[in-house]
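Structure at a glance
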Amino acid sequence: MAEMSEFLDREITICARRETVFRYFTDSARFAKWWGEGSRIDPRPGGAVLIRYPNAVEVTGEVVEIDPPRRIVFTYTYAGKTPADGTLVTITLDEAPAGTVLKLRHAFSSAKIRDLHVQGWRYQLALFSKTVADEEQSSAPERIDAFLRSWGEPDAAARRALVESCVTRDI
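Residues numbered from 1 in each chain as written. Predicted model: local features only at pLDDT ≥ 70, side-chain atom pairs only at ≥ 80, totals over all residues. Heavy atoms only, no water.

Time to look at the overall build of the protein chain. Along the protein chain, the regular secondary structure elements total six helices and seven strands. For the protein chain, the α and β elements follow one another from N to C terminus as β-α-α-β-β-β-β-β-β-α-α-α-α. For a compact globule of 171 residues, the expected C-alpha radius of gyration is about 16 Å, and the protein chain comes in at 20 Å, more than 25% above that figure. Along the longest, intermediate and shortest principal axes, the C-alpha atoms of the protein chain span 70 × 30 × 30 Å. Considering the protein chain as a whole, with its 171 residues, one finds that 36% of them fall into the buried category. In the protein chain, 45% of the contacts between residues at least 6 apart in sequence involve partners at least 24 apart. (Helix = DSSP H or I, 4+ residues; strand = E, 2+ residues; numbered from the N terminus. Rg over C-alpha atoms; globule rule 2.2 N^0.38 Å. Buried < 20%, exposed > 50% of the residue type's maximum accessible area, 1.4 Å probe, protein only. Contact = heavy atoms within 4.5 Å.)

Before going further, it helps to spend a moment on the sheet that holds strand 7 (residues 99-108). Here we have seven strands laid out as an open sheet, ordered 1-7-6-5-4-3-2, and antiparallel in their pairing. Edge strands, defined here as strands with exactly one partner in the open sheet, are strand 1 (6-14) and strand 2 (40-41). (Pairing = 2+ DSSP bridges.)

Scanning the model with the defined rule gives 14 salt bridges in all. Linking R30 and E135 is a salt bridge whose minimum nitrogen-to-oxygen distance equals 2.9 Å. Note that R30 is positioned in helix 2 (residues 28-35) and E135 in helix 4 (residues 118-136), a separation of 105 residues in sequence. With relative accessibility at 23%, the residue E135 sits in the partly exposed group. Via salt bridges that share partners, R23, D27, R30 and E135 belong to a single interconnected network. (Salt bridge = Lys/Arg side-chain N within 4 Å of Asp/Glu carboxyl O.)

Under the criterion given, the structure shown has eleven aromatic pairs. Judged by centre distance (6.1 Å) and plane angle (85°), the rings of F31 and W34 are edge-to-face. With F31 and W34 both in helix 2, this residue pair falls three residues apart, about one helical turn. In this structure F31 comes out as buried when scored by relative accessible area, which is 0%. Note on W34 and F128: the rings are 4.4 Å apart at their centroids and 65° apart in plane angle, and the pair reads as edge-to-face. With W34 in helix 2 and F128 in helix 4, this residue pair connects regions lying 94 residues apart in the sequence. With respect to burial, W34 and F128 carry one shared label: buried. The ring centre of F7 lies 4.1 Å from the NZ or CZ of R105, which sits over that ring. (Phe/Tyr/Trp six-rings, centres within 6.5 Å; stacked < 30°, edge-to-face > 60°. Lys NZ or Arg CZ within 6 Å of the ring centre and 35° of its normal.)

Keep in mind that these numbers describe shape and distance, not what the molecule does.
Below, the structure written as structure tokens:
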């Protein structure tokens with residue numbers, strides 16, 4: 001791999017627990033939800049990475065480092081290129097009051113190649129954030145229904161149970 005002295009850094013907050021976010025980098029079904037059908041990852045050092053974008057572009061790579069649920073590092077090489085043409089993606093996850101802060105650092109050998117990835121990462125991370133938050137918040141409709149039912153529940157114990165079923169420890 002060529003020397004990588006150019007970096008694309010992104011940081012987003014995702015309204016989900018760190019463990020939930022990390023699963024999208026270790027579970028092939030979840031990995032494919034935000035990259036594209038047929039994408040997969042083998043979450044161990046030396047494990048294969050395959051990204052299949054919806055436009056039929058493919059990226060291959062290899063997991064370099066994994067530290068659940070804090071960090072994953074993998075190579076990123078477009079199909080048809082050699083590993084020497086590859087780049088390196090580092091994902092770090094930090095817990096935060098609003099969920100998880102995802103820090104991405106994509107290392108490149110040139111600024112020209114880096115600049116070609118700016119819009120792509122904006123799009124992929126927006127899609128990623130929505131996909132993860134949708135899973136994390138999938139029970140919200142049921143929790144809202146329980147809260148609204150609690151207002152009409154005459155039995156105090158049943159009312160309390162409904163309210164407790166729809167709150168979190170910080171609400």
